[in-house]
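If you want the building blocks of each chain, they are given just below.
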Amino acid sequence: MDRQLDISSVLQGGYATPLTRELQAERHLTKSMLMYPIFITDEPDAETVIQSLPGQKRWGINKLKGFLEPLVKKGLRSVILFGVPLLAKKDYCGTLADDPEGPVIQAIKLIRKEFPDLVVACDVCLCEYTDHGHCGLLNEDGTIFMAPSVKRIAEVALNYAKAGAHMVAPSDMMDGRIKAIKEALIAHGYGNRVNLMAYSAKFATSLYGPFREAAGSAPSFGNRKCYQLPPNARGLAKRALLRDANEGADILMVKPGLPYLDIISEARTICPNHPLAVYQVSGEYAMIVAGANAGVYDLKTMAFESMECFLRAGCTLVLTYFTPDFLDWLS
Ligand code: PBG
Ligand code: ZN
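The following paragraphs examine the structure supplied in this document.

1. Looking at the layout of surface pockets
Here's step 1: Here the largest pocket is characterised by a volume of approximately 540 Å³.
Here's step 2: Lining the largest pocket are 16 residues, with Glu22, Ala25, Arg27, His28 and Glu308 sitting closest to its centre.
Here's step 3: Listing elements by their share of the lining of the largest pocket, those giving two or more residues are helix H1 (18-22) and helix H10 (299-313).
Here's step 4: Of the residues forming the lining of the largest pocket, the biggest block, seven residues, is contributed by H10.
Here's step 5: Here the residues of the lining of the largest pocket are counted per class, giving seven nonpolar, two polar and seven charged.
Here's step 6: Taken as a whole, the second largest pocket holds about 270 Å³ of empty space.

2. A few points about the site of ligand 1
Here's step 1: Around ligand 1 sit 18 residues, and of these Lys202, Arg212, Lys255, Ser282 and Tyr321 come closest.
Here's step 2: In the environment of ligand 1, an oxygen atom lies 2.6 Å from a nitrogen or oxygen atom belonging to the side chain of lysine 202.
Here's step 3: Its residues placed into classes, the shell around ligand 1 shows ten nonpolar, three polar and five charged.

3. Concerning the coordination of the zinc ion (ligand 2)
Here's step 1: Of the protein atoms, only Cys125 (SG), Cys127 (SG) and Cys135 (SG) coordinate the zinc ion (ligand 2), at distances of 2.2 to 2.3 Å.
Here's step 2: Relative to the metal, the four donor atoms surrounding the zinc ion (ligand 2) lie at angles of 99 to 119°, and the coordination shape comes out tetrahedral.
Here's step 3: Sequence positions of the residues that donate to the zinc ion (ligand 2) give the spacing C-x1-C-x7-C. With cysteine 125 in the loop between strand E5 (119-124) and helix H4 (146-163) and cysteine 135 in the loop between E5 and H4, the pair connects residues that are ten residues apart, well separated along the chain.
Here's step 4: Judged by its relative accessible area of 1%, cysteine 125 falls in the buried class.

4. What about the side chain of aspartate 244?
Here's step 1: In this fold, aspartate 244 is placed in helix H7 (residues 234-246).
Here's step 2: With relative accessibility at 0%, the residue aspartate 244 sits in the buried group.
Here's step 3: At 2.8 Å, the side chain of aspartate 244 forms a polar contact with the side chain of serine 200.
Here's step 4: Look past the residues within four positions of aspartate 244 in its chain and what remains in contact with it is Arg177, Ile178, Ala198, Tyr199, Ser200, Ala249 and Leu252.

5. Quick word on the environment of proline 44
Here's step 1: Looking at the element boundaries, proline 44 is found in the loop between strand E1 (34-41) and strand E2 (47-49).
Here's step 2: Proline 44 gets classed as partly exposed once you look at its relative accessible area, which sits at 39%.
Here's step 3: Proline 44 sits 36 residues away from serine 8 along the chain, and the two C-alpha atoms are 63 Å apart.
Here's step 4: Not counting residues within four places of it along the chain, the set of residues in contact with proline 44 comprises Gly60, Ile61, Asn62 and Lys63.

6. Some points on the packing of helix H3 (residues 103-114) against H4
Here's step 1: It is at 9 Å that the axes of H3 and H4 come closest, and there the two elements cross at 30°. As judged from the angle between their axes, H3 and H4 are roughly parallel. Helix-helix and strand crossings are classified by hand; for H3 and H4 the assignment is right-handed. Facing Val104, Ile105, Ile108 and Lys109 of H3, the residues of H4 in contact are Asn159, Tyr160 and Ala163.

Each value, and the rule that gives it
The residue count restarts for each chain, going from 1 along the sequence in the order it is written. Both sets of labels track the order of writing: A upward for chains, 1 upward for ligands. Reporting of local features is limited, given that this is a predicted model, to residues whose pLDDT is at least 70; pairs of side-chain atoms are given and counted only at 80 or more, and all residues count toward the totals for whole chains, interfaces and linings. Based on all heavy atoms of the structure, the side-chain values leave hydrogens and waters out of the count. Of the grid points, spaced at 1 Å and generated over the protein atoms alone, those admitting a 1.4 Å probe that cannot get out make up cavities, while open sets with protein on both sides within 12 Å along at least five of seven lines make up pockets; any residue with an atom within 4 Å of a point is treated as lining. Grid points are joined across faces, edges and corners, and a volume is the space filled by probe spheres set on the points. Counting from the N terminus, the helices are DSSP H or I runs at least four residues long and the strands are E runs at least two residues long. Note on residue classes: Ala, Val, Leu, Ile, Met, Phe, Trp, Tyr, Cys and Pro are nonpolar, Asp, Glu, Lys and Arg are charged, and everything else, Gly too, is polar. A single heavy atom is enough: if one lies within 4 Å of a molecule or strand, its residue is considered near that molecule or strand. In protein, a polar contact means a hydrogen-donor-capable atom and an acceptor-capable atom, both N or O and within 3.5 Å, with residues adjacent in sequence counting only if both atoms are side-chain atoms; elsewhere, any N or O pair within 3.5 Å suffices. Donor atoms: N, O and S within 2.8 Å of the metal, or within 3.2 Å for Na, K and Ca. Because water is excluded, sites can look incomplete. Think of it this way: with four donors and all angles in the 85 to 135 degree range, the site is tetrahedral; with four or six donors, opposite ones beyond 155 degrees and the rest between 65 and 115, it is square planar or octahedral; otherwise it is irregular. Whether a residue is buried, partly exposed or exposed follows from its accessible area with a 1.4 Å probe, protein chains only, as a fraction of its type maximum: under 20%, in between, or over 50%, in that order. Two residues qualify as a contact provided that any one of their heavy atoms is within 4.5 Å of a heavy atom in the partner residue. Fitted lines through C-alpha atoms serve as axes, helices being fitted only where they are in contact, and the angles separating the N-to-C directions of these axes extend from 0 to 180 degrees. In these notes the angle categories are as follows: under 35 degrees is roughly parallel, over 145 is roughly antiparallel, 65 to 115 is roughly perpendicular, and the rest is oblique. For any helix crossing, the convention is left-handed if the near helix is rotated counterclockwise from the far helix by under a right angle, and right-handed if that rotation is clockwise.

Laid out in structure tokens, this is it:
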């Protein structure tokens, strides 16, 4: 006769049915956890396919209502806006970022008016708007000119708040920008109204490629390794998370997602009192779609698995290009 298993070794009885498998999770994916990144260009009638980001488009302001309406009906709760100036001329300090006539400010106002219950977040960065494509202002030698970068980022965030954004999300990775933005928001009466989501543990990854094509934001020289975190850096990531929490962030983010699950788990442990976001970035999304197209797995099953992993690691909010799909799948 087979040697008897210890009672504590018998696990399979605990997850034999769909329901008892579902009960193993600490949190479950809901539509409220999904934030949809959208690209808004200064060509008012644009509806341009983005080759590198399957299924995603660059939208002109005139197309935005028609695009969002069905998604809101299906339960979309939040969007994060990225401006893509294609016609206007970029400069050294990213004047276009908060141009009152520019795509982001116009989109905030339109969405607030047309979809009063949709939460509007804005990515705050300069790389889409500077002629050099870096996320801050530069010294003559091409290094980051720190103090004016932080000042400019805070100014842009404040102008998005003034236009009606519910949330500002700086992705620039300049030291001290969370405190500067929080102070600006408080000083101008937005301290109790605008949420500050910090891209805190944002790594210098190869996975932003499709986004940079979509947003036209690749640096014209060099790379972002002196402000985005080295992929090997657990300690730095923890310090950045704790710093941003202390500087007044309302939500913390880890980015990218799947290759950085250990960082998400660390963040959940060291900052247990903040909502925790993950950005499933453009390259991850493109990889998952490409794998499905190559027959490696079923797209929906794999997309769900990626969400289950994010939630298991500790996330409470997911920025993902799969949002429209999940709104269908979760219905
Ligand atoms: C801008 C920004 C980037 C992303 C979000 N905000 C690109 C970058 O830092 O180079 C990447 C998002 C994605 O890849 O989906 N700083
Ligand atoms: Zn940037």
